[in-house]
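# Understanding the architecture of this molecule
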Number of protein chains: 2
Amino acid sequence: MNIILLSGGSGKRLWPLSNDIRSKQFIKIFKTESGDYESMVQRVYRQIKTVDKDATVTIATSKAQVSAIHNQLGEDVGVSVEPCRRDTFPAIALATSYLHDVMGVPSDESVVVCPVDPYVEDDYFEAIKRLGEQASKSEANLVLMGIEPTYPSEKYGYIIPSTQDDLSEVDSFKEKPDAKTAEEYIRKGALWNGGVFAYKLEYVLSKAHELIDFTDYQDLFDKYDTLEKISFDYAVVEKEPKIQVMRFSGEWKDLGTWNTLTEAMDQPTIGDVTLNDTCEGVNVVNELNVPVICMGLKDVVVSASPEGILVSDKEQSSYIKPYVDKIDQQVMFAEKSWGSFRVLDVEEESLTIKVTLNPGHGMYYHSHMRRDEIWNVISGTGIVMLDDKKREVGVGDIIEMKAGTRHTVTAVTELKMIEVQIGDEINVHDKTKYEKP
Amino acid sequence: MNIILLSGGSGKRLWPLSNDIRSKQFIKIFKTESGDYESMVQRVYRQIKTVDKDATVTIATSKAQVSAIHNQLGEDVGVSVEPCRRDTFPAIALATSYLHDVMGVPSDESVVVCPVDPYVEDDYFEAIKRLGEQASKSEANLVLMGIEPTYPSEKYGYIIPSTQDDLSEVDSFKEKPDAKTAEEYIRKGALWNGGVFAYKLEYVLSKAHELIDFTDYQDLFDKYDTLEKISFDYAVVEKEPKIQVMRFSGEWKDLGTWNTLTEAMDQPTIGDVTLNDTCEGVNVVNELNVPVICMGLKDVVVSASPEGILVSDKEQSSYIKPYVDKIDQQVMFAEKSWGSFRVLDVEEESLTIKVTLNPGHGMYYHSHMRRDEIWNVISGTGIVMLDDKKREVGVGDIIEMKAGTRHTVTAVTELKMIEVQIGDEINVHDKTKYEKP
């Protein structure tokens, strides 16, 4: 099975766990059998590999997420990086072209496109597998998954099938309706459109060539920023007469808001949390290393992270976005391909952060124009390079880098450092990268 | 006017703003006319000085609070330090003896004793002044303030006066009653006992000599730990026949819990806080430098500090103490006489803190056996002493102190440093103090 997972942008609706560079799909919030926590993307990837261990999984995403993806899924997963955001048609065209030209998937094989963040069980991926198989053998050019509605939702588009069979032609598509119209649709046997569909690789590739002038994946990648923003629905689905829909009746949740996310939590709290016995329907996710105490709350979600603190009535939590949009704050925590960093202290002319490097990983070789930096190694060992000279470092070592000094460090064992930045103009743009000698 | 302010112990009921070493009276929560915030003790001290700029104010407290008192009130305020906790009679005896022997207050002057944390207006201290004047000229040995009750509280003791005059003999004292009994008391004209009383200095001094064998203040201080724990009520008030009560009908609030404290807040929030328009009766005190967003809450108090986060229904917040007692966490923030510190990062074998020293102030000259320390100066200038050698330091300087190194620093201008502690046994007890050479 070839599967493209569409990994969307920043998830402000789950602030403070998600932020501009940490999307909701990377939050470790689901308890696994081993007692650890996994993220949406880890859960989905694990489920796909359980259903088909040979599945070719490609994640279509932006540059900003590449580090987090490899950090959470390892280096084996395919990543189709969109150089900039250009809506779903260019993204799917690019990922399909990547599968063909980079991963070597033959043109007659089928591909399934699926969002990266549904909360589902393994049966969902069994259904996805069948969707792919149907696309391989079907006369139809697109085979969609239609999810059996559990309530008249106003949040989803609806698919009206021609028959009530498991597999049917599509009669029509309906935009997000109001609740009353949704009820009517459901009476007529309509299904939710969860954005999952399968096609033969050559079909989308030929559509791409029809609409875009390009030779191969690399060429498409290079001219990506010149492409028109256009959705896959508009460019392809609406114009395609040969579409089938396959019914799925298993569990399916869209975890886009705190309200729905907390429904999927296996336990009411994560982290250092005390709920007194007068709390009802309270969920708390505490990523800080200090305690949270909740008393006498009802149907409230609390979340604390290095980015901030949310305390919200569960239903109200759906309306968070405009409030988060107004916050103008630097990113306080981020996962990187090489590890992670957390801001510890912000002053006018200094910034103190904690840097954790995974064994074998290093950061870019770089320098800053406008700030000095000091590394205080607090655990682990590594190799530092300063102005092309290498040096082993370990606990208690201090590394001073005046502005202009080219520097990098590679962790031998997991390496933790307190980095103190000093300067009158500290910002992320003051960075010059170099090749290592 | 001579006034002794009794400054009580740790205030877990206002966690996370108060902790073992930071009592509620030091939390800066009241907005002043200039727009800054002041603490209970600062507010009370300012109010006393407004009413009587020559008032001799002495704060009776434990050693742990001395730094915070001088930090908030300056060096001029008198402090009578209890070497250990011995209940109110020894504390008042010691403070009275301090007034006489250290501050030189004559024996025939009156003294007023008052808790440090009432939330009142200036008229309260006008009343206290009159209380002192009455004690000077009265035949009575004690003159109490009786607060006109506003509701049948179960939290206070009651004073039954003989008459309804502004000044009256006391008929009897009543312990904290249930609400029904309180209603009866109030019908009979009873007053709340707010723990405020005045006496001639010689009266309490002679009571002290009756019950304790000591020569002067220093002698009493030295043998303080041998004294019996006994309350002033039990030792003096209950046995004294000549007591008057003076009626006070102005505003008086006891800010012992979040519920009552939030009533006294001039604005619903302090710090970086967003309340959406569906919040009602919500108060937030955010001491962190990240935003708090509250949505759809009703009658809830939220407080976030370096110690932790409280989210509580206002009424439930009175029952916080047992939950805080269960928390076993190191102190994350403290004010000291020389400035303040805040814990930034805790690892198994390292601790990173931010130290802020006020100009002209320094810490003890000291060393550690089991840990190395590194200072990264991020702002200001100071004089460091390492193993008796002095050195000027400024922004960007790094000071390394291996275990055993005697060290201290004195701020010239406000000095901020990131201190990295490294060792396999980091704790506050590993400290040897030295005299500076």
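In this convention, every chain numbers its residues from 1, walking through the sequence in written order. Working convention: letters from A go to chains and numbers from 1 go to ligands, in the order in which they are written. Totals for whole chains, interfaces and linings use all residues, but because this is a predicted model, local features are given only for residues with pLDDT of at least 70 and pairs of side-chain atoms are given and counted only at 80 or more. For side-chain calculations, the full set of non-hydrogen atoms in the structure is used, while hydrogens and water are omitted.

Turning next to the environment of Ser312(B). On the secondary structure map, Ser312(B) appears in strand E19 (residues 308-313). Relative accessibility under 20% of the residue-type maximum defines a buried residue, over 50% an exposed one, and the middle range a partly exposed one, all with a 1.4 Å probe and only protein chains included. Judged by relative accessible area, Ser312(B) falls into the buried class, the value being 0%. Placed 131 residues apart in sequence, Ser312(B) and Thr181(B) show a C-alpha to C-alpha distance of 30 Å. If we ignore the near neighbours within four places in the chain, the residues touching Ser312(B) are Met295(A), Leu297(A), Asp299(B), Val300(B), Val301(B) and Ser317(B). Two N or O atoms count as a polar contact when they lie within 3.5 Å, although within protein this holds only if one can serve as hydrogen donor and the other as acceptor, and sequence-adjacent residues are included solely when both atoms are side-chain atoms. Within the structure, the side chain of Ser312(B) is placed 3.3 Å from the backbone nitrogen of Ser317(B), a separation counted as a polar contact. Runs of H or I in DSSP of at least four residues are treated as helices and runs of E of at least two as strands, each being numbered from the N terminus. We call two residues in contact whenever any of their non-hydrogen atoms come within 4.5 Å of each other.

The next subject is the relation of the copies chain B and chain A. Both copies of the chain are related by a screw-like operation: a rotation about an axis and a shift along it. Overlaid copies result from least-squares superposition on C-alpha atoms, with residues included only where pLDDT is at least 70 in both. When chain B is fitted to chain A, the residual RMSD is 0.2 Å, and the transformation amounts to a turn of 179° plus an axial shift of 0.0 Å. Here the copies are linked by what is in effect a two-fold axis. Considering only C-alpha atoms, the residue of chain B closest to the rotation axis is Leu344(B), which sits at 2.8 Å. Interface residue correspondence from chain B to chain A reaches 100%, placing this contact among same-surface, isologous pairings.

What follows concerns the interface of chain B and chain A. At the interface, 52 residues of chain B touch 52 residues of chain A. The quantity reported as buried area is the accessible area (1.4 Å probe) lost by two parts once they are put together, taken as the sum for both. Buried area between chain B and chain A, both sides added, is near 4,200 Å², and the carbon and sulfur share of it is 67%. Of all residues in chain B, the largest losses of buried area upon contact with chain A belong to Ile293(B), Met295(B) and Ile309(B), amounting jointly to 17% of the total for that side. Between Lys or Arg on one side and Asp or Glu on the other, a salt bridge is scored when a side-chain nitrogen of the former is within 4 Å of a carboxyl oxygen of the latter. Across the chain B-chain A interface, the total number found is six salt bridges. In this structure, Lys354(A) engages Glu347(B) in a salt bridge whose closest nitrogen and oxygen atoms are separated by 2.5 Å.

Turning next to the sheet that holds strand E15 (residues 273-275) of chain B. Sheet strands pair by backbone hydrogen bonding; their relative direction is either parallel or antiparallel. Only when DSSP finds a minimum of two bridges between them are two strands counted as paired. Spatial ordering of the open sheet is given by E14(A)-E16(A)-E18(A)-E19(A)-E17(B)-E15(B), a layout of six strands whose pairing is mixed. In the strand order of this sheet, the two ends are held by strand E14 (269-270) of chain A together with E15 of chain B, each with one partner.

Quick look at the pattern of salt bridges now. Considering all chains together, one arrives at 42 salt bridges over all chains under this definition. Between Lys24(B) and Asp117(B) there is a salt bridge, and its shortest N-O distance comes to 3.1 Å. Residue Lys24(B) is located in the loop between strand E1 (2-6) and strand E2 (30-31), and its partner Asp117(B) is located in the loop between strand E6 (110-115) and strand E7 (118-120); the two are separated by 93 residues in the primary sequence. Exposure remark for Lys24(B): the relative accessible area of 13% places this residue in the buried category. Judged by its relative accessible area of 17%, Asp117(B) is buried. Through salt bridges with shared partners, a single ionic network connects Asp345(A), Glu347(A), Lys354(B) and Lys416(B).

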